[in-house]
Amino acid sequence: MANWTETTADIAGTQVVCVRGGTGKPLLVLHDEMGYTGWMTWNEELAKTHELIIPLQPGFGKTPRIDWIRNYRDLAGFYAILVREMNLDSLDVLGFSAGGYTAAEMAAADPRMVRHLVLVAPMGVKPTTGEITDIFPMTARSCLRASVADPAGTPEFAKIYGGEMTPEQFEAFEDARAETARIGWEPYLHNPSLPYLLANAKKVPTLLVWGTKDRIVPRGCIDAYQKALTNTKLVEIADVGHRPEIENSTEFLRAVSAFLAS
């Protein structure tokens, strides 16, 4: 695996832990509502052409919670400060699920910040049909298993989540769920005004990636993003669920790499 480092940056008075690795153009990666999974095959491959910058969201892992962040728009504003204070200027942004929600809020607030936007099974907008699955009544383990179409057939799923959950892992997942509920409970993991504000980002090249067996984010969310944004490309990956980056890394990397190189 490529070398990566864990660094800490003082951002607006908060010590934010970031995982950084690779060389090339900066790529800001925003993890999903369950937290950073560790350096995987897709990270390794993208790190050959990009420097991956993966902040651990406030309230997740080693980054402390920030009380004034009350919703995902606040979180997007915080990451905008991070981008400026790290002197990253305009950069590519890749967001997964709730991280895609945050990335979309960033682009809506300041489209000049984002060169390319990649949204993987993004939450953030009310789906035109269907509903974003309510993950909070589920146990953490049930939620994780629901995120892939075939857990047994996804080797990296077992690498991340296999075996018995240690007390430390259980606590980390529950902390992540608590923070997601705190900032995304009402309205549930979407912002009614986001589709309208995305008019600011209509010229930002955007790639939407969605697995056809996603049980967390319905196709209606993708349709809503396509309606709000005009410069979009959609890649559907067959027979995978909410985590195409580990369920079919080859197709995921082919789509993302080609888009970022465009």
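Above this note sits the structure.
Scope of this entry: the structure provided in the associated data block.

Reading guide: rules and limits
Residues numbered from 1 in each chain as written. Predicted model: local features only at pLDDT ≥ 70, side-chain atom pairs only at ≥ 80, totals over all residues. Heavy atoms only, no water. Helix = DSSP H or I, 4+ residues; strand = E, 2+ residues; numbered from the N terminus. Rg over C-alpha atoms; globule rule 2.2 N^0.38 Å. Buried < 20%, exposed > 50% of the residue type's maximum accessible area, 1.4 Å probe, protein only. Contact = heavy atoms within 4.5 Å. Salt bridge = Lys/Arg side-chain N within 4 Å of Asp/Glu carboxyl O. Pairing = 2+ DSSP bridges. Expected span 1.5 Å × (residues − 1). Arc of directions from axis to C-beta. Core = buried A, V, L, I, M, F, W, Y, C linked by side-chain atoms within 4.5 Å. Right-handed = clockwise from strand over helix to strand, strands pointing away. Phe/Tyr/Trp six-rings, centres within 6.5 Å; stacked < 30°, edge-to-face > 60°. Axes fitted to C-alpha atoms, helices over the stretch in contact; angles between N-to-C directions. Parallel < 35°, antiparallel > 145°, perpendicular 65-115°, else oblique. Left-handed = near helix turned anticlockwise from the far one by under 90°.

1. Re the overall build of the protein
- Scanning the protein from N- to C-terminus turns up 10 helices and 8 strands.
- What you see for the protein is a C-alpha radius of gyration of 17 Å, in line with the 18 Å of a compact globule of 262 residues.
- Projected onto its principal axes, the C-alpha positions of the protein cover 45 × 40 × 40 Å.
- Here the protein holds 262 residues, and 56% of them are scored as buried.

2. Considering the environment of Ile-66
- The residue Ile-66 is located in the loop between strand S4 (50-55) and helix H2 (72-85) in this model.
- Given the relative accessible area of 5%, Ile-66 is considered buried.
- Beyond its immediate stretch of four places on either side in the chain, Ile-66 contacts Thr-14, Pro-58, Phe-78 and Arg-182.

3. Some points on the pattern of salt bridges
- In the structure shown here, the tally under the stated rule is 14 salt bridges.
- Where Glu-45 meets Lys-48, a salt bridge forms, and the shortest distance between an N and an O atom there is 3.1 Å.
- Each of Arg-219, Asp-223 and Glu-236 takes part in salt bridges that share partners, so that together they form one network.

4. Observations regarding the pairing of strand S1 (residues 4-11)
- Relative to strand S2 (residues 14-21), S1 is paired through 8 bridges, and the arrangement is antiparallel. Each residue of the ladder has a partner; that of Thr-5, found in S2, is Arg-20.
- Once S1 ends, the chain turns through 2 residues before running back antiparallel as S2, passing Ala-12 with a positive phi of about 50°.

5. Side note on unusual backbone geometry
- Residue Glu-186 is joined to Pro-187 through a cis peptide bond whose omega torsion reads -5°.
- Phi at Asn-87 takes a positive value of approximately 55°, unusual for a residue other than glycine.
- Secondary-structure assignment places Asn-87 in the loop between H2 and strand S5 (91-96).
- We note that Ala-121 has phi near 45°; this positive angle belongs to a residue other than glycine.
- Under the relative-accessibility criterion, Ala-121 is labelled buried at 1%.

6. What to know about helix H10 (residues 249-260)
- Here H10 spans 16 Å end to end across 12 residues, near enough to the 16 Å set by a 1.5 Å rise per residue.
- Every buried residue belonging to H10 is among Ser-249, Phe-252, Leu-253, Ala-255, Val-256, Phe-259 and Leu-260, and all of these are buried. Along H10, the residues classed as buried sweep out an arc of 165° about the axis, all on the same side.

7. Considering the nonpolar core
- One finds Leu-28, Leu-198 and Tyr-225 to be the most contacted residues of the largest nonpolar core, which totals 58 residues.
- Excluding its chain neighbours within four sequence positions, the residues that come into contact with Tyr-225 are Gly-100, Tyr-101, Ala-104, Leu-119, Pro-122, Met-123, Gly-124, Val-125, Leu-194, Leu-198 and Leu-208.
- Formed by 36 residues, the second largest nonpolar core is a distinct cluster that contains Leu-46, Ile-54, Ile-160 and Tyr-161.

8. Description of the pairing of S5
- For S5, a buried count of 6 out of 6 residues is recorded, marking the element as mostly surrounded by other parts of the structure.
- As defined by bridge partners, S5 adjoins strand S6 (residues 114-120) across 5 bridges and the pair is classed as parallel. Bridge pairing in S6 places Leu-94 opposite Val-118.
- The parallel pair S5 and S6, bridged by helix H3 (residues 98-109), forms a crossover whose chirality is right-handed.

9. Re the packing of aromatic side chains
- What the rule picks out here adds up to 11 aromatic pairs.
- Chaining the aromatic ring pairs together yields one cluster made of Trp-42, Phe-96 and Phe-252.

10. Observations regarding the side chain of Thr-154
- Within the secondary structure, Thr-154 is located in the loop between helix H4 (140-146) and helix H5 (155-161).
- Thr-154 gets classed as buried once you look at its relative accessible area, which sits at 4%.
- The contact partners of Thr-154, leaving out residues within four places of it in the chain, are Ile-246 and Glu-247.

11. Some words on the packing of H2 against H3
- Contact geometry for H2 and H3: axes closest at 8 Å, N-to-C directions at 70°. As summarised for this structure, H2 and H3 are arranged roughly perpendicular, according to the angle between their axes. You can see that H2 and H3 cross each other, and the crossing is right-handed. Of the residues in H3, those in contact with Tyr-72, Arg-73, Leu-75, Ala-76, Tyr-79, Ala-80 and Val-83 of H2 are Ala-98, Tyr-101, Thr-102, Glu-105 and Met-106.

Any functional reading would require information that these geometric values do not contain.
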